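As a plain string of letters, each chain reads:
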Amino acid sequence: MAETVSASIMKPDLFKFSMRNLKLKTKQQELLTRFAILLFVYVLAFVVRLFSVLRYESMIHEFDPYFNYRTTVYLTENGFYDFWNWFDFESWYPLGRIIGGTLYPGLMVTAASIYRLLRFLSFAVHIREVCVLTAPFFASNTTLVAYFFGKELWDSGAGLVAAALIAICPGYISRSVAGSYDNEGVAIFALLLTFFLFVKAVNTGSLAWSLASAFAYFYMVSAWGGYIFIINLIPLYVLVLLITGRYSMRLYIAYNSMYILGMLLAMQIRFVGFQHVQSGEHMAAMGVFFLMQVFYFVDWIKYLLNDTKLFQAFLRVTVTCAVAVGGLALGVGMASGYISPWTGRFYSLLDPTYAKDHIPIIASVSEHQPTAWSSFMFDYHILLILFPAGLYYCFKRLSDATIFIVLYGLTSLYFAGVMVRLILVATPAVCLISAIAVSASLKNLTTLGLLDSSLPFQRDGAIALLMAAFFLLSRYVIHCTWVTSEAYSSPSIVLAARGAHGGRVIFDDYREAYFWLRENTPPDAKVMSWWDYGYQITAMGNRTVIVDNNTWNNTHIATVGRAMSSYEHEAYEIMQSLDVDYVLVVFGGVTGYSSDDINKFLWMVRIGGGVFPVIKESDYLVNGEYRVDKGAAPKMLNCLMYKLCYYRFGELHTEYGRPSGWDRARGVEIGNKDVKLEYLEEAYTTSNWIIRIYKVKPPSNSHRISV
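A.B. asks: I tried to follow the overall build of the protein chain on my own but got confused; where do I start?
C.D. replies: In terms of helices and strands, the protein chain carries 31 helices and 13 strands. Dimensions of the protein chain, computed from the C-alpha atoms along their principal axes, are close to 125 × 70 × 55 Å. Counting the 707 residues in the protein chain, one finds 51% classified as buried. Contacts in the protein chain between residues at least 24 apart in sequence constitute 71% of all its contacts with a sequence separation of at least 6. On the protein chain, roughly 32,800 Å² of surface is accessible, and the fraction owed to carbon and sulfur atoms is 63%. Taken as two groups, the 55 positive and 52 negative side-chain charges of the protein chain have centres that lie 8 Å from each other.

Shown next, in the form of structure tokens:
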């Protein structure tokens, strides 16, 4: 009997114990599932960016990454001290360039650190492979940050969806494929990490999270000039919280700690220096910092005073004095020149037409053009539909965190519309807000479709919507994979096209030309080209260039533009003054390559004419039309660029049934087929005529005597 009683007493305890075990196992299963999904997304983000390596080979893409690669090699071979104090004689001849004071070193230091770590672990890798795979590696790390950020904003489901969306989103992949060794490859990771840590600090009021966000901001400053977006968005967010009555000690600790430490750390970057206290682009952050002190002081006085009327009077006086002192300080600082005005690049973000009217060198870059609607659809696909839905859910459950993501999403989308390059900055916000929409909608539909059986019609409708949602998400995956494979995995240095029989044809003229330069010209030869190719010539051809992609000296670039748009004898005098030995031009008339120097020529004219009024754009146009055929302007048909591109081209048949001298890139027969060169001679033309190199003849004795 006693045994029966004791057994009956023990049964509930055993039942409770087994239920606890079952609940623990369920949580473990959920955690394991979440970890497995996150691991799959992490690997997917890395693998999907390897199309270019598998299809071509392991190589650096585009133009700017070659400078980054060259400086990283120098860093690994010579050490940080020599790198930081390196004066480069091979660029911007005869001016040169102070490397340590004119770049953001974060990318180079990151790649060099990874390389040394791998070598320490006995992995025999070349620095080039590290540079090629740095962007995919940090893209994978970005998915982890997106998960934790989404979890902080909404829930773990939104975090997983955000990680999955950003892993394959074309708007991010465009700058993070293998070989895209550019600053943005690590900067987007740093940007999202800074935002996540700051929002975490605001939510918790933790000093540790605030300091962590400051260090993340320092890494962002060291990596990319886009840190300006952070140092203006965070103050805007804090200002909105203050205006909406959401001031708290959590916000005070988070912003003050992040701003002070972040500013001090950022000053250690030579290229940034004291801009945080001297540049107009950073004054918003400083103004909000002082406003926070006013709020703290007013809050303290409110605690001390019991009289409401007295406090209201004190508040009016304090706010008036604070605004007056702040305005006076700003005015004096700008009038005295201590605070520098906004730069032209900053104005061009606020006004899309500013660069075209005032800074043609910025407007000449294709990625600085305003964004077309088709580009948004191409890079975001269904996220354009999910983004407004996510905004709805954020406003429905408004908090300090969701206010931040709404501000981030709206401001970044505006800037993405102004400049196509900034789609990259908006992508994390679009993915996070879209993830909130997907997570909340799926949760609501699942509840209606699977758990609520009281209304069959409503249940069937929910199931149908669930199936439609999964279909759209599957189409998103297919679209992203196709875009990554076809549009964003082709290195610009190696061109590909389809032959007459459908097979792929490779044009490797760039590397062919740079190899010829390196092997067949004197080591101290100076090469003049348009600035687009400067970094590649220096890195791959190992020759000194007159201008390159840094574009820090507009007058020097305008001088090259003037030479290219002048008659040959006038250009020769300019080239002699610059000690030019070789001239390199890019020509697509044979292959149909449209990104050649003839199509860029009007920008050379505009940039040259902006400094030298003797160059007038109207001299190269006929009734406002840019032409290269028989109806072209006389100065166009006889300028240096035209001669160098079309020399001997008039003898060539490029298409069956077309006359000789048929330009396939522009679809016309050229106007001047009998090009004669007096001061230059052809040195080398690549197998597909894409790169043409000319040697500048030395001045004759008679010319020297006459001078």
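A.B. asks: What is the right way to look at the packing of aromatic side chains in this model?
C.D. replies: Given two aromatic rings, their pairing is described by the distance between the two centres and the angle made by the two planes. Under the defined criterion, the tally for this structure stands at 47 aromatic pairs. Centroid distance Phe297 to Trp300: 6.2 Å. Interplanar angle 45°. Geometry classified as tilted. Here Phe297 and its partner Trp300 are both found in helix α14 (residues 283-304), 3 residues apart, which amounts to about one turn of the helix. Taking the centre distance of 6.3 Å and the plane angle of 45° together, the rings of Tyr510 and Tyr514 count as tilted. With Tyr510 and Tyr514 both in helix α24 (residues 509-520), this residue pair falls 4 residues apart, about one helical turn. Take Tyr510 and Tyr514: they sit in the same class, and that class is buried. Among the aromatic side chains, those forming a connected cluster through ring pairs are Phe149, Phe195, Phe196, Phe198, Trp209, Phe229, Tyr237, Phe404, Tyr408, Tyr414 and Phe415. Of note, Arg270 hangs over the ring of Trp84, and the distance from its end group to the ring centre comes to 5.6 Å.

A.B. asks: I tried to follow the confidence of the model for the protein chain on my own but got confused; where do I start?
C.D. replies: Per-residue pLDDT for the protein chain averages 88, and the proportion of residues at 70 or more is 93%. Every residue in residues 1-5 scores below 50 in pLDDT, and together they form 0 contacts with partners more than four places removed in sequence or on other chains. For the stretch residues 702-707, pLDDT sits under 50, and the model shows 1 contact to residues farther than four places along the chain or on other chains.

A.B. asks: Honestly, the packing of helix α3 (residues 64-78) against helix α5 (residues 106-120) in this entry has me stumped. Any pointers?
C.D. replies: Axes are the key here: two packed helices are described by the angle between their axes and the distance separating the axes. Where α3 contacts α5, the axes come no closer than 9 Å and their chain directions differ by 50°. Looking at the two axes, α3 sits oblique to α5. Our pair here, α3 against α5, has a crossing hand that is right-handed. Here Phe67, Asn68, Thr71, Thr72, Leu75 and Thr76 of α3 lie close against α5, whose contacting residues are Leu107, Met108, Val109, Ala111, Ala112, Tyr115 and Arg116.

A.B. asks: Sorry if this is basic, but what is going on with helix α15 (residues 308-336) here?
C.D. replies: For an α-helix the count is 3.6 residues per turn, leaving residues at separations of three or four pointing the same way. Counted at 1.5 Å a residue, the expected span for α15 with its 29 residues is 42 Å, and the 42 Å between its end C-alpha atoms agrees. Every buried residue of α15 is accounted for by Phe311, Thr318 and Gly333. After α15 finishes, the residue Gly337 shows a positive phi value of roughly 85°.

A.B. asks: Even after reading the chapter, I still don't get the sheet that holds strand β13 (residues 691-696), so can you show me in this structure?
C.D. replies: The strands making up a sheet associate through backbone hydrogen bonding, with each pair oriented either parallel or antiparallel. Read from one edge to the other, the open sheet built from 5 strands follows the order β6-β5-β7-β13-β12, with strand pairing classed as mixed. The open sheet has two edge strands, β6 (544-545) and β12 (680-685), and neither has a second partner. In this structure, strand β7 (residues 582-586) lies alongside β13, joined through 5 bridges in antiparallel fashion. Within β13, the residue paired with Tyr582 across the bridge is Lys695.

Cut-offs applied
Residues numbered from 1 in each chain as written. Predicted model: local features only at pLDDT ≥ 70, side-chain atom pairs only at ≥ 80, totals over all residues. Heavy atoms only, no water. Helix = DSSP H or I, 4+ residues; strand = E, 2+ residues; numbered from the N terminus. Buried < 20%, exposed > 50% of the residue type's maximum accessible area, 1.4 Å probe, protein only. Contact = heavy atoms within 4.5 Å. Areas by Shrake-Rupley, 256 points an atom, 1.4 Å probe, with all protein chains shown as cover. Lys, Arg positive; Asp, Glu negative; His and termini not counted. Charge placed at Lys NZ, Arg CZ, Asp CG, Glu CD. Phe/Tyr/Trp six-rings, centres within 6.5 Å; stacked < 30°, edge-to-face > 60°. Lys NZ or Arg CZ within 6 Å of the ring centre and 35° of its normal. pLDDT = per-residue confidence, 0-100. Axes fitted to C-alpha atoms, helices over the stretch in contact; angles between N-to-C directions. Parallel < 35°, antiparallel > 145°, perpendicular 65-115°, else oblique. Left-handed = near helix turned anticlockwise from the far one by under 90°. Expected span 1.5 Å × (residues − 1). Pairing = 2+ DSSP bridges.

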